[in-house]
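Observations on the model geometry
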Amino acid sequence: MTGWRIWTAIKEDADALAELEALAFGGRSWGADNVKESFVASRVTVLFGGESKSKPQGFAVWRDLGDEAELLTIGVAAAARRKGLGAALLAAVLDAAHGVGANRFFLEVGADNAAARALYARAGFSQVGVRKAYYADGADADVLARDL
Ligand SMILES: CC(C)(COP(=O)(O)OP(=O)(O)OC[C@H]1O[C@@H](n2cnc3c(N)ncnc32)[C@H](O)[C@@H]1OP(=O)(O)O)[C@@H](O)C(=O)NCCC(=O)NCCS
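Residues numbered from 1 in each chain as written. Predicted model: local features only at pLDDT ≥ 70, side-chain atom pairs only at ≥ 80, totals over all residues. Heavy atoms only, no water.

The condition is simple: UniProt positions are given in the numbering used here, feature names are shortened, and annotations may be inferred rather than shown by experiment.
Where an unreviewed UniProt entry is consulted, the protein chain appears under the name [Ribosomal protein bS18]-alanine N-acetyltransferase, with the organism given as Hyphococcus luteus. Word for word, the UniProt comment on the protein chain under Sequence similarities (unreviewed entry) is "Belongs to the acetyltransferase family. RimI subfamily." The record held by UniProt for the protein chain lists under Subcellular location (unreviewed entry) the comment "Cytoplasm".

Below, the structure is given as structure tokens:
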């Protein structure tokens, strides 16, 4: 689908974000409390996306670090996947980061996460490093980056 709506979530959306994140990540969820921290953390923005504002179907959380910015998490409800929402959320994040002056954008992704790796490759990201034992289950993460 084209024409996804993307909007900035507010702290009243914390429960909706926690629910969406748990559904998207299953066993690799941050947990509701950590997810909700996104609304009070410094320089962090939460975007929601969906067909209408009454029902967010995906989210992206990113942090402005000045010259750089980073993606903290992104996810789309299983029923809404492969319809362009993940790409639309990522594009909105990159636009926003560029808009506040970031020149380079970073993110982490698991070696086994084929869907996310394909999404990021299509958006122009390439690998710049590895973070050992990044995930709670001990798996490594690859660090990807692109210029904005
Ligand atoms: C990764 C994720 C956000 C992608 O969301 P999405 O809305 O399905 O992505 P899109 O429909 O915008 O896909 C854009 C492109 O990414 C690639 N892609 C997405 N899912 C893919 C899959 N399962 N297999 C292969 N390529 C995939 C494709 O190139 C796709 O374009 P196409 O459909 O025209 O071929 C979603 O799969 C998800 O929520 N996964 C669980 C949470 C997660 O792992 N988040 C990332 C953590 S690093």
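So much for the structure itself; the text now carries on.
1. What about the pairing of strand β3 (residues 58-64)?
Selection rule: Only protein chains enter the accessibility calculation, which uses a 1.4 Å probe; a residue is then buried when its area is under 20% of its type maximum, exposed when over 50%, and partly exposed in between. Going along the chain from the N terminus, every DSSP run of H or I of four or more residues is numbered as a helix, and every run of E of two or more is numbered as a strand. Strand pairing is defined by DSSP finding a minimum of two bridges between the two strands.
Burial analysis of β3 places 6 of its 7 residues in the buried class, the great majority of the element. Taken together, the 6 bridges between strand β2 (residues 44-50) and β3 define a ladder with antiparallel strand orientation. Note that in β3 the partner of Phe48 across the bridge is Phe59. Bridging between β3 and strand β4 (residues 68-76) involves 7 bridges; their strand directions are antiparallel. Bridge pairing links Ala60 to Ile74 in β4. Between β3 and β4, which pair antiparallel one after the other, the connecting turn spans 3 residues, and Gly66 there sits at a positive phi close to 90°.

2. Some thoughts on helix α3 (residues 85-99)
Basically, it comes down to this: The span one expects for a helix is its residue count, reduced by one, times 1.5 Å.
Over its 15 residues, α3 extends 21 Å from the first C-alpha to the last, a length consistent with the 21 Å expected when each residue adds 1.5 Å. Taken together, the buried positions of α3 are occupied by Leu85, Gly86, Leu89, Leu90, Val93, Leu94 and Ala97.

3. A few points about the packing of aromatic side chains
The test is simple: Only centres within 6.5 Å qualify two rings of Phe, Tyr or Trp (six-membered ring in Trp) as a pair; their planes then separate them into stacked at under 30 degrees, edge-to-face at over 60, and tilted for everything else. Placement of a charge over a ring requires the Lys NZ or Arg CZ to be within 6 Å of the ring centre, with the centre-to-atom vector within 35 degrees of the ring normal.
Per the stated rule, a full pass over the model turns up 4 aromatic pairs. Ring plane angle 75° and centroid distance 6.1 Å describe the contact between Phe105 and Phe125, whose orientation is recorded as edge-to-face. Within this pair, whereas Phe105 is found in strand β5 (residues 104-110), its partner Phe125 is found in the loop between α4 (114-122) and β6 (126-131), the two being separated by 20 residues in sequence. You can call Phe105 buried: its relative accessible area is 0%. Judged by relative accessible area, Phe125 falls into the buried class, the value being 6%. Centre to centre, the rings of Tyr134 and Tyr135 are 4.9 Å apart; their planes meet at 90°, and the pair counts as edge-to-face. A relative accessible area of 38% places Tyr134 in the partly exposed class. Taken together, the aromatic side chains of Phe105, Tyr120 and Phe125 make up a single cluster linked through ring pairs. The ring of Tyr135 has Arg28 sitting right over it, with the charged end atom 4.5 Å from the ring centre.

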